[in-house]
Amino acid sequence: MRKMRTLLGFVHCCCCCCFLLLLPPPLWVSLAAAKQLLRYRLAEEGPADIRIGNVASDLGIVTGSGEVTFSLESGSDYLKIDNMTGELSTTERRIDREKLPQCQMIFDENECFLDFEVSVIGPSQSWVDLFEGRVIILDINDNTPTFPSPVLTLTVEENRPADAAARSSVFELQVADTLDGEKQPQLIVKGALDREQRDSYELSLRVRDGGDPARSSQAILRVLITDVNDNSPRFEKSVYEADLAENSSPGTPILQLRAADLDVGVNGQIEYVFGAATESVRRLLRLDETSGWLSVLHRIDREEVNQLRFTVMARDRGQPPKTDKATVVLNIRDENDNVPTIDIRKIGRIPLRDGVASVAEDVLVDTPIALVQVSDRDQGENGVVTCTVVGDVPFQLKPASEGEGEPQNKRKYFLHTSAPLDYEAVRDYNVVIVAVDSGSPSLSSNNSLLVRVGDTNDNPPVFSQAVLEVSFPENNLPGERVATVVATDADSGKNAEITYSLEASPLSSEAPGGIFSIDPDSGDVSVQAVLDREQRDTYEFQVTARDKGVPSLQGSTTVVVRVADRNDNEPRFMQDVFTFYVKENLQPNSPVGMVTVMDFDKGRNAELSLSIQPSDHDQAASIFSIENDTGTIFSTVSFDREQQTSYTFKVKAVDGGEPPRSATATVSLFVMDENDNAPTVTFPSNSSYTVLPPSSNMRTVVATVVATDADTGLNADLNYSIIGGNPFKLFEIDPASGVVSLVGKLAPKHYGLHRLVVQVNDSGQPPQSTTALLHVFVNESLSNATVVESQVARSLHTPLAQDIAGDPSYELSKQRLSIVIGVVAGIMIVILLILVVVMARYCRSKGKHGYEAGKKDHEDFFTPQQHDKAKKPKKDKKGKKGKQPLYSSIVTVEASKPNGQRYDSVNEKLSDSPGMGRYRSVNGGPGSPDLARHYKSSSPLPTVQLHPQSPTAGKKHQAVQDLPPANTFVGAGDNISIGSDHCSEYSCQASSKYSKQV
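All figures in this text were calculated on a predicted structure; none of them were measured in a lab. (Residues numbered from 1 in each chain as written. Predicted model: local features only at pLDDT ≥ 70, side-chain atom pairs only at ≥ 80, totals over all residues. Heavy atoms only, no water.)

Quick word on the overall build of the chain
Regarding its fold elements, the chain presents six helices and 63 strands. The 998 residues of the chain split such that 41% are buried. Long-range pairs, those at least 24 residues apart, make up 68% of the contacts in the chain with a sequence separation of at least 6. (Helix = DSSP H or I, 4+ residues; strand = E, 2+ residues; numbered from the N terminus. Buried < 20%, exposed > 50% of the residue type's maximum accessible area, 1.4 Å probe, protein only. Contact = heavy atoms within 4.5 Å.)

Details of the sheet that holds strand E22 (residues 323-333)
Adjacent strands of a sheet form backbone hydrogen bonds with each other and so pair up, either parallel or antiparallel. Pairing within the open sheet is mixed, and its four strands lie in the order E15-E22-E21-E18. Two strands lie at the open edges of the sheet, namely strand E15 (239-245) and strand E18 (270-274), each paired on one side alone. Shown here is a sheet whose adjacent strand axes are inclined to one another by a mean of 30°, direction ignored. Sheet topology places strand E21 (residues 307-316) next to E22; nine bridges connect them, and they run antiparallel. Across the sheet, residue Val 312 finds its bridge partner in E22, namely Ala 326. (Pairing = 2+ DSSP bridges. Axes fitted to C-alpha atoms, helices over the stretch in contact; angles between N-to-C directions.)

As for the sheet that holds strand E5 (residues 79-81)
Within the open sheet, the three strands sit side by side as E3-E6-E5. Their pairing is antiparallel. Only two strands of the sheet have a single neighbouring strand rather than two, namely strand E3 (51-54) and E5. Direction aside, neighbouring strands of the sheet carry axes that sit 20° apart on average.

Some details on the confidence of the model for the chain
Across the chain, the average pLDDT comes to 77, with 77% of residues at or above 70. Predicted confidence is poor over residues 1-35, with pLDDT under 50, and the contacts of this stretch with residues over four places away or in other chains come to 82 contacts. Segment residues 849-998 is flagged for pLDDT under 50; beyond a separation of four residues in sequence, or across chains, it makes 321 contacts in the model. (pLDDT = per-residue confidence, 0-100.)

As for empty space enclosed by the protein
What the rule picks out here adds up to four cavities of 30 Å³ or more. Taken as a whole, the largest cavity holds about 70 Å³ of empty space. The biggest single contributor to the lining of the largest cavity is strand E39 (residues 538-547), with three residues. By residue class, the composition of the lining of the largest cavity is six nonpolar, one polar and three charged. (1 Å grid on protein atoms, 1.4 Å probe; cavity = no way out; pocket = protein on both sides within 12 Å on 5 of 7 lines; lining within 4 Å. Points joined across faces, edges and corners; volume = space filled by probe spheres on them. Nonpolar A, V, L, I, M, F, W, Y, C, P; charged D, E, K, R; others polar.)

What to know about the pattern of salt bridges
Scanning the entire structure with this criterion turns up 24 salt bridges. In this structure, Asp 366 engages Lys 398 in a salt bridge whose closest nitrogen and oxygen atoms are separated by 2.6 Å. Residue Asp 366 is found in the loop between strand E25 (356-360) and strand E26 (368-375), and its partner Lys 398 is found in strand E28 (residues 395-399); the two are separated by 32 residues along the sequence. A salt bridge links Lys 494 to Glu 497; the nearest nitrogen and oxygen atoms lie 3.7 Å apart. Look at Lys 494 and you get exposed, because its relative accessible area is 54%. Linked by salt bridges that have partners in common, Glu 117, Glu 132, Asp 343, Arg 345 and Lys 412 make up one network. (Salt bridge = Lys/Arg side-chain N within 4 Å of Asp/Glu carboxyl O.)

What follows is the structure, encoded as structure tokens:
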């Protein structure tokens, strides 16, 4: 007999094999310690108070002392914990696995769970640790399988075999496993079906689960026999999968299901209907029966449904109709449509009700006061939430756990105190917590917690003044009131009731009880003895105020009683004779010293008036003045040490008592020297020169530079140095003696004139300097003194930046000689003949127009001042040059007068101008105060200018000078600036030439 298999399209029964765990409670618990996640197992439908596990033992915490307690922060609907032992058990509320919201779409027993949080609290809530836990809810067989309808109808095609079979052998029921893992009951036709003989059958269909005890139900299966429909519809794919953004508007197309039927006519017409689909699928989606298009019927929220899985039936219109089934998997894609939610719950023993947390003001800093859970129903970046506390409040958020497995869209924080709380300062804090997700655009939300600070006795009595100073006259009567001290307490009640007492000051071991007393209630301080300021002028003791709180707090203040004086003491200077040292050139109205005078009296009796006493033999009263408040002595003139080296006068002090008392002291003022004179070079003159034979040995003394300084001491301590004109390092000068020696071996290229620039510096502060020129002519003999003098004259017009050392054409001559040697002899003879003719003509020309000694060269840069052209320089018998009127003046430092004029004579002293002095503080003799710590002078140093007949001291001085032949020129202590001018044959073409000054 031919067998036929057909799908029971209207019978889709899931046979679930569920096992009831009938185990004792200790075997229900298992703990996984990884990442501090507590895991337990519990069967559903259990009675109340079933032990789940012990959190303390699973965390390795020793209990029993009472210092560590436990608190269940979440999951309290079904669970509870013993605060002392950490025992976790169930509440009165029954756990039904099938009704838990998180288990509605879960078919795996290991995935249905209850999450809870438990906090471990240290003594006085000084620390809190939060642990997460999970209780796996195990399924028991408490539900009976049911059919969708008590009567099921199935149509089957007729079959016309030769012999009809009995009823019992016509149908057989088999259960097959589908690709989706479901149980699919199948009705197998084993016998022949003939609709003409019998058009229907009624069968009893029973289903039973695998539980213990098993549960079952039954339904009537009505089989209708229809005519033959040969071909069934066929889908293009067995599984259709698509993604759909949540909140898509109704009518949005999702996908099109396509099926084909080889039949024609009515048997080939296909309609699409939902197969095994839940009510939510039928409510949210629309399936077009004709086209197979699946579209959105109502907006879908991913947070409620993240995936829709159902079957679609393709059915033809034949009799009986044939069907095909396809599975549709629709994944809902997340959109950032949910704002973060902030849930603020209690933590530990700090109560939190109706959004108000009561926190005692004496809690330690960094104490957790609340648990903040921030979550976002979105996924991915849309669910990553950042949480912060806004506003200036003494609270901050800290993560409750550092576990890496914590979901990004669900974070827990402790709200900690970040600063001490003070009930007396602020009693309520409105803590606003803002959460922002990472979506684009981001969404945010906020929640607030009112923190109410509870008062404790934490405020001691406080005095308005830490130190109370009282002036009380001497020669008083015993029992007089000295002062009244008052302390306040921010607390109330007994904590604010204050009593006063006297104690010794920390700085004094003497008890005040014998002299002073205090009323314990009013705080009145009285004196019990007669005070004498001459014996003791100050009394210091401590007043302590104690409140009546438990424990008692106290505060204290220091009372200083100063005994008022009578005018019975005369002023007294610190010294009988005051000695001061000041530098010359001090500007008028500058401080020169300070006298110190004191009076042991107080108040007006100690107000002193200072004055300079007039004298018959000097005018000190008109030269000096004294400042009454500070005792500072000022000078009304500028000192000149050369005119007067010291001053002596008297200072008088008069107090303001009745009658007044006075005292006098002597002041001695010594004027000190200042470095106001630059060194003067006496030898050699700038226009002189020294002849040095090329055969001179090393260390041969060439010349000695001699200089003097009008100052004394360090200001006259001179040192010498060569700062220019020594490119070959042939010469060296002794810094102390000024002796110039030959230190290098002379070569032919060194023949000729060498101009050494020598600088003489003193050791004053600031140092003064003078620059001189030393001309050395290297040659075997002095055959033509006029040529040398002409070269010396040229060097006086050559900038100091250009070195004059030896024969400048020596290297060029060597090159020309090498070329001449290579020329053939005939050309050499011709060239020599031409040179002889040229030289002969040149010599005749020079004989007519030769160089005259003393006459200015046409290439000179200026015409000498006050030069008598009719006179020529004379030579003595020794061949030395006579004095030249052009350079006969001596050049030294010039200073600007107050009206901007120059000093015309070198003998005119710079110190004559008040604007040229600078006050300096120095250490004088014994007993002399250091005035540098009290006084500074703003008077500038004299303006240093170069004499018109001096060479420039470099571009730094910004002066163009004539070069004197008979003396030196002076700078202000700076080295001569060496430029990069290019000159040849001592005739400078640079921009910084010396030009004539009018």
